[in-house]
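Residues per chain are reported as follows:
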Number of protein chains: 6
Amino acid sequence: MISTYYEIIGNEEEIFLAAYHQQLPLMLKGPTGCGKSRFVEAMAQKLGRPLIQVSCHDETSAADLLGRYLLKGGETVWQDGSVTRAVRSGAILYLDEIAEAREDVIVILHSLSDHRRELYLDRTGESLKASPEFMLVISFNPGYQKSLKELKPSTRQRFIGLDFKIPAESIETKIVSRETGVNDKDAQRLVRFANKVRNLRDLGLTETVSTRLLVDAAKLIKGGVPPRMACQVGIISPLTDDQDTHLVLADYVALAF
Amino acid sequence: MISTYYEIIGNEEEIFLAAYHQQLPLMLKGPTGCGKSRFVEAMAQKLGRPLIQVSCHDETSAADLLGRYLLKGGETVWQDGSVTRAVRSGAILYLDEIAEAREDVIVILHSLSDHRRELYLDRTGESLKASPEFMLVISFNPGYQKSLKELKPSTRQRFIGLDFKIPAESIETKIVSRETGVNDKDAQRLVRFANKVRNLRDLGLTETVSTRLLVDAAKLIKGGVPPRMACQVGIISPLTDDQDTHLVLADYVALAF
Amino acid sequence: MISTYYEIIGNEEEIFLAAYHQQLPLMLKGPTGCGKSRFVEAMAQKLGRPLIQVSCHDETSAADLLGRYLLKGGETVWQDGSVTRAVRSGAILYLDEIAEAREDVIVILHSLSDHRRELYLDRTGESLKASPEFMLVISFNPGYQKSLKELKPSTRQRFIGLDFKIPAESIETKIVSRETGVNDKDAQRLVRFANKVRNLRDLGLTETVSTRLLVDAAKLIKGGVPPRMACQVGIISPLTDDQDTHLVLADYVALAF
Amino acid sequence: MISTYYEIIGNEEEIFLAAYHQQLPLMLKGPTGCGKSRFVEAMAQKLGRPLIQVSCHDETSAADLLGRYLLKGGETVWQDGSVTRAVRSGAILYLDEIAEAREDVIVILHSLSDHRRELYLDRTGESLKASPEFMLVISFNPGYQKSLKELKPSTRQRFIGLDFKIPAESIETKIVSRETGVNDKDAQRLVRFANKVRNLRDLGLTETVSTRLLVDAAKLIKGGVPPRMACQVGIISPLTDDQDTHLVLADYVALAF
Amino acid sequence: MISTYYEIIGNEEEIFLAAYHQQLPLMLKGPTGCGKSRFVEAMAQKLGRPLIQVSCHDETSAADLLGRYLLKGGETVWQDGSVTRAVRSGAILYLDEIAEAREDVIVILHSLSDHRRELYLDRTGESLKASPEFMLVISFNPGYQKSLKELKPSTRQRFIGLDFKIPAESIETKIVSRETGVNDKDAQRLVRFANKVRNLRDLGLTETVSTRLLVDAAKLIKGGVPPRMACQVGIISPLTDDQDTHLVLADYVALAF
Amino acid sequence: MISTYYEIIGNEEEIFLAAYHQQLPLMLKGPTGCGKSRFVEAMAQKLGRPLIQVSCHDETSAADLLGRYLLKGGETVWQDGSVTRAVRSGAILYLDEIAEAREDVIVILHSLSDHRRELYLDRTGESLKASPEFMLVISFNPGYQKSLKELKPSTRQRFIGLDFKIPAESIETKIVSRETGVNDKDAQRLVRFANKVRNLRDLGLTETVSTRLLVDAAKLIKGGVPPRMACQVGIISPLTDDQDTHLVLADYVALAF
């Protein structure tokens with residue numbers, strides 16, 4: 001297993017470890033592409049625990065998480081779902097974009113996230129007690145304005161919360177160059193371009209430039225694509241389909257490179 | 001089985017016992033995280049009856065509660081659901097957040113909650129008479145303003161009702177210190193901070209600070225996290241995503257610690 | 001079988017018997033908790049016919065009523081549903097809250113409720129002729145203002161209709177004391193309190209106090225709960241979640257006891 | 001088989017026979033309870049053809065009509081649905097309240113109702129040619145104002161149409177007395193009462209008094225119920241839940257009897 | 001096989017043959033009952049190719065078109081759907097009222113209707129190349145004002161389009177007399193009556209008189225029904241339920257016959 | 001395998017190859033019928049990788065993409081879906097019209113489109129690492145004004161973006177003549193006609209003339225259909241059902257030929 005590269009940007013490691021040791025479930029909040037998934041990967045490696053990730057969406061079913069019966073040789077045999085495997089193995093369970101999931105999926109977590117720390121499999125009649133190593137982590141993006149889905153207070157109040165922000169310029173530059181091998185100068189130009197765009201509030205973008213986009217553009221530059229075209233293809237086009245905004249952003253690219 | 005810690009805050013024990021002995025179904029009403037589940041656990045232990053809990057949601061199906069046929073060795077065999085097991089074993093059956101359930105799930109309870117005290121399993125053709133030890137308890141949160149779901153009068157009027165409130169300061173302080181091992185002073189500071197926030201009516205919060213959140217913050221303090229950061233992570237971030245409200249609440253935290 | 005207690009309040013028995021002998025399907029209309037189910041139970045006992053009850057809701061399926069194929073020993077075997085069993089056994093079939101059912105469930109009753117008195121099982125290809133002892137009874141609550149569901153005229157006009165009202169004071173007092181063993185004085189106080197509340201039109205209640213609620217409060221009193229608390233828990237809290245209405249009703253309780 | 005009683009009220013028999021011999025599908029239009037089903041029964045008996053009736057609703061599936069595979073002895077065996085049985089046996093197929101059915105059910109009829117007169121079973125790959133004796137009859141109620149469902153022109157224009165009206169007073173009186181055995185005087189009073197109500201346009205009734213309701217009330221009278229109570233229970237209560245309309249109609253009953 | 005009668009009304013045959021030889025998919029547009037299906041039948045016979053017809057509706061599933069697995073003798077065996085059979089046999093595939101179908105059904109046609117001419121069966125993993133004899137024809141009714149369903153441009157632009165109109169008087173008269181055996185005079189009266197109605201724009205009809213309706217009325221006349229009654233039953237009643245429009249149209253009938 | 005004809009119109013090949021070698025997922029944006037699918041086919045051939053195409057729609061299920069269990073000989077055996085086959089075989093995976101797909105289908109791509117390049121099959125418990133040859137390509141049409149579906153930023157920002165436009169006149173003429181064998185003059189007339197229509201902004205067309213339509217019309221001309229009729233049938237009728245627009249466009253055709 002290759003160790004995941006993750007650059008610490010605040011007190012997130014301290015809180016994660018306290019939550020882990022106090023057996024408190026944790027909720028990560030922050031914009032898309034800011035490194036939440038990588039952070040959880042890095043923490044799991046540090047703690048030496050297996051990591052089980054689930055990307056939530058509105059078709060995720062309780063059976064996907066808990067398990068289901070399959071027919072084998074004329075018998076129905078039980079197959080554990082992701083959450084059940086995590087509880088049995090004392091893993092870090094990471095449910096990404098939890099707010100997209102349906103209520104029935106979220107409610108499954110209730111008995112796991114309070115003093116009971118228990119998972120009840122109604123289909124098998126089994127009740128699983130989580131070991132002290134098990135930890136429940138969820139994430140969602142509070143700034144995503146298009147989404148009308150919100151977590152109910154009776155779910156939110158079961159988690160402690162950690163707010164992620166976009167990293168400071170020097171840290172983000174380090175991330176971009178370290179992840180792609182692009183030279184420091186180009187990495188810094190990309191980050192400065194991104195920060196200028198992030199400060200333009202009236203572009204009407206649903207979400208602004210993520211660190212992930214900068215990494216993509218840097219990879220294209222590293223692969224021989226001219227920087228301006230790399231920014232067009234790796235940052236501007238993924239951000240928006242609006243042709244006028246494309247022109248505005250192309251001007252900022254021309255200033256940066 | 002370790003006895004559940006529960007601190008009595010009013011006449012709830014007296015009513016529960018009268019309902020149990022008069023074989024009346026009981027409805028618990030109150031905000032999230034105020035201890036309804038713990039109360040039912042403690043009563044079940046006091047009465048020496050098994051407790052079966054179901055967290056309701058809009059995907060809970062009648063089959064989840066009553067049971068279903070499974071294929072085993074080429075035969076279909078019947079497997080009891082939660083409600084059926086509770087009726088067969090004379091348990092306390094606790095249906096949490098009943099208002100989230102679909103009509104078909106709620107209607108199953110009708111014959112159990114009137115003079116018949118009977119459960120009819122249409123799939124097996126079986127009719128189960130509840131023993132005198134069986135008790136039906138439901139809960140819901142009437143103050144949860146986001147929810148448009150309400151129980152129909154024909155369901156509500158089958159239950160007697162018990163209203164839960166947030167406990168008095170001295171009792172809540174005792175709960176926080178007893179559950180987390182935090183010192184009395186910090187427990188009191190947390191409760192006082194909570195009561196100030198609870199009195200701020202114009203914060204626009206869907207729900208206010210629950211006892212559960214205070215317990216989470218106290219656990220972080222006990223685990224070595226500085227109190228102000230523990231309040232941020234354990235109380236403020238779970239309460240809301242609004243950055244302005246975060247700032248207001250951070251000021252109150254600074255006053256408390 | 002213990003005989004069901006039912007107190008006659010009008011011409012309901014005469015109509016029921018005429019409908020039974022003329023083989024006319026019957027529709028009971030009236031508020032929740034006024035004794036419709038008990039009445040049907042008592043009539044079935046009087047006529048010496050088995051009673052089959054179904055609580056309708058919008059997830060009741062045609063298969064629940066007609067029957068379904070189950071896998072047993074590698075064969076599909078047919079299992080009768082509630083309506084089929086009632087037709088085969090010449091029972092009184094009682095479909096409670098019929099207006100909640102889906103159209104496909106209601107349409108099943110059409111051939112049973114006209115001159116054909118026949119049930120067609122499309123899955124088995126069987127056609128069952130009802131014996132003269134079979135009777136179809138449905139109920140619904142026309143005053144339930146929240147419900148937008150209504151029976152179609154082509155269904156309604158297949159039934160004769162019996163309107164239930166809240167019983168007169170002396171009859172209701174008799175019901176309360178007879179069912180709970182509470183003394184006549186407390187029974188009368190409960191009924192008078194109920195009638196005062198029933199006359200308050202501007203409380204905004206979806207449904208008003210039913211006889212069932214009075215019986216519940218009386219049982220609590222019989223079980224040793226002080227009358228005012230019994231009214232709070234057994235009548236007021238089940239009626240509404242509105243705190244202002246709670247206060248108004250508590251004043252009426254204080255006047256009554 | 002007992003012959004169905006049906007009283008001819010216009011040119012309906014002539015049209016039915018012409019449609020049968022010219023192999024044209026027929027659409028019956030008219031209010032609830034005016035005798036459409038009985039008419040089809042009587043015609044089927046006259047022509048000596050079996051009659052297969054289906055009450056349509058929005059849960060009727062294509063499989064209900066065409067057929068489905070069932071598991072028997074480890075094999076899937078095909079079971080014909082109602083329409084398939086009608087085509088194979090050269091029956092009169094009567095689809096009641098066709099406008100309630102879903103599109104997929106109605107579309108099944110397309111190849112049966114044009115020059116092809118063919119039914120295609122996509123699940124078995126079979127194509128059935130209807131024999132000259134097969135006839136397709138559908139019905140719906142165009143005056144039913146609550147229904148927003150309408151047949152598409154591409155379906156309607158495949159049928160010839162026969163409009164049913166409420167029969168003239170003398171014919172309706174004959175129907176009521178002949179079907180119930182009530183004396184002619186009471187039959188006439190019932191019909192006159194009905195015609196008065198039918199002329200009251202501002203009662204706000206979804207549908208007005210059907211012949212079926214008169215027959216029900218007459219049966220109650222025949223069974224010993226006093227005429228006024230029989231009208232209340234057999235006509236007024238099935239018509240509406242509105243208490244004010246009840247009072248108005250009770251006055252008309254008092255004038256009639 | 002009896003040859004289908006079809007009367008050419010424009011350049012439709014020339015276009016059909018060019019599309020067939022150039023392997024271009026064809027879209028027929030026009031009102032209900034104007035002969036689109038007959039035209040495709042006649043073309044298939046002329047080209048000597050088998051014809052497979054599917055009437056589309058919003059419950060048509062991808063499995064209906066592509067095929068499904070069935071259980072036979074404990075094995076799952078594959079059964080081709082309509083489209084698959086058409087591709088395998090090099091047939092003319094005619095999908096009637098395509099705009100009624102769901103997106104997933106329409107998308108199946110994409111790879112068949114561009115340069116690939118290929119059908120991919122995801123359930124079996126098979127990829128079928130259409131032979132040069134295979135042709136895809138769809139139809140829909142653009143003037144059907146009730147329908148809110150439209151084909152997406154990315155589907156439409158895969159087809160060449162052929163617009164159908166109501167035939168000229170002399171051709172329509174020939175169709176009516178040839179199909180029914182009615183005398184030329186009555187055929188002409190029917191067509192003239194139809195053309196008068198078609199020119200009345202303010203009748204509020206969803207669709208106007210189709211050739212199919214004239215054929216139905218002519219058959220009734222041929223079967224001995226008096227012409228005016230035949231028009232009432234065969235044309236007016238299928239067109240509309242509005243009683244006022246019935247009266248207007250009856251006047252036009254009286255002028256014609 | 002015959003090589004796909006594709007005419008390069010900008011820097012699309014350079015970007016595609018850089019994305020392939022940098023293992024970045026690619027998003028193609030552009031109008032219908034502009035050659036996106038052909039481009040991906042040509043690139044796959046150039047790279048010597050197999051191509052797996054999926055046309056997305058709102059009924060595409062996760063099982064279609066990942067795989068499902070089938071019953072064979074009494075055992076459940078696993079069958080790979082399209083995405084799984086693409087990952088196992090290191091193919092170019094092309095998901096056409098991705099914006100039409102449901103969230104659960106799109107979310108499946110998340111772990112494949114970030115640093116993990118992994119596909120998790122929850123039903124088998126298998127985790128597949130994509131080989132360096134695997135590439136993920138999606139397409140959608142941002143200008144399609146009818147569609148209310150948009151990709152979420154958390155999905156978009158996982159892809160680099162390539163914007164397709166309609167090719168310049170000389171290139172489009174070359175495509176039309178090369179693909180159909182029509183003479184250069186007619187090809188040029190078709191392209192010029194198309195460009196005139198594309199510049200007419202107030203025609204109210206959902207989409208304008210695509211290269212695909214020009215190719216269809218050219219094929220009809222090549223097949224002997226007179227040019228004006230070929231334009232009517234191959235371009236105008238597929239574009240719109242509006243008769244007035246038909247007349248306007250017919251005038252432009254008359255000017256062109």
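Structure: see above.
Owing to the predicted nature of the structure, the values given are computational and were not obtained by experimental measurement.

Basis of the calculations
Residues numbered from 1 in each chain as written. Chains lettered and ligands numbered in written order. Predicted model: local features only at pLDDT ≥ 70, side-chain atom pairs only at ≥ 80, totals over all residues. Heavy atoms only, no water. Phe/Tyr/Trp six-rings, centres within 6.5 Å; stacked < 30°, edge-to-face > 60°. Helix = DSSP H or I, 4+ residues; strand = E, 2+ residues; numbered from the N terminus. Buried < 20%, exposed > 50% of the residue type's maximum accessible area, 1.4 Å probe, protein only. Salt bridge = Lys/Arg side-chain N within 4 Å of Asp/Glu carboxyl O. Polar contact = N/O pair within 3.5 Å; in protein donor to acceptor, adjacent residues only side chain to side chain. Contact = heavy atoms within 4.5 Å. Buried area = accessible area lost by both parts, 1.4 Å probe. Nonpolar A, V, L, I, M, F, W, Y, C, P; charged D, E, K, R; others polar.

A. Spotlight on the packing of aromatic side chains. Residues and elements named next belong to chain A. As enumerated under the stated definition, the model contains 18 aromatic pairs over all chains in all. For the pair Y6 and F39, a centre-to-centre distance of 5.3 Å together with 45 degrees between the ring planes defines the contact as tilted. With a gap of 33 residues between them, Y6 in the segment before α1 (12-22) and F39 in helix α2 (residues 36-47) connect regions that are remote in the sequence. Look at Y6 and you get buried, because its relative accessible area is 17%. Taken together, Y6, F16, F39 and F164 form an aromatic cluster joined through their ring pairs.

B. Highlighting the pattern of salt bridges. Summed over all chains, the structure comprises 100 salt bridges over all chains. Across the salt bridge formed by D64 of chain B and R68 of chain B, the nearest N and O atoms sit 2.9 Å from each other. The exposure class assigned to D64 of chain B is buried, which follows from its relative accessible area of 13%. A salt bridge links D80 of chain D to R88 of chain D, with the nearest nitrogen and oxygen atoms 2.6 Å apart. For R88 of chain D, a relative accessible area of 41% translates into the label partly exposed. Put simply, K29, R156 and D163 of chain A together with D241 of chain B are held in one network by salt bridges that share partners.

C. Seen up close, the environment of S237 of chain F. Here S237 of chain F lies in helix α10 (residues 227-239). Sequence-wise, S237 of chain F and A168 of chain F are 69 residues apart; in three dimensions their C-alpha atoms are separated by 24 Å. Polar side-chain contacts of S237 of chain F include one of 3.1 Å to the side chain of D163 of chain E.

D. Structural view of the interface of chain A and chain F. Counting residues at the interface gives 47 residues for chain A and 42 residues for chain F. Summed over both partners, the interface of chain A with chain F comes to about 3,600 Å²; 49% of that surface belongs to carbon and sulfur atoms. Between chain A and chain F we count four salt bridges in total. As a salt-bridge pair, R156 of chain F and D241 of chain A come within 2.9 Å of each other at their nearest N and O atoms. On inspection of chain A and its partner chain F, the count reaches 15 residue pairs in polar contact (both at pLDDT 80 or more). Counting only elements with at least two residues in the side of chain A that touches chain F, the list comes to α2, β2 (51-55), β3 (67-72), α9 (211-222), α10 (227-239) and α11 (243-256) of chain A. Element by element, the count of residues in the side of chain A that touches chain F is highest for α10 of chain A, at seven residues. The residue makeup of the side of chain A that touches chain F, split by class, is 13 nonpolar, 17 polar and 17 charged.

Everything listed here is a matter of coordinates, which is why it stays silent on function.
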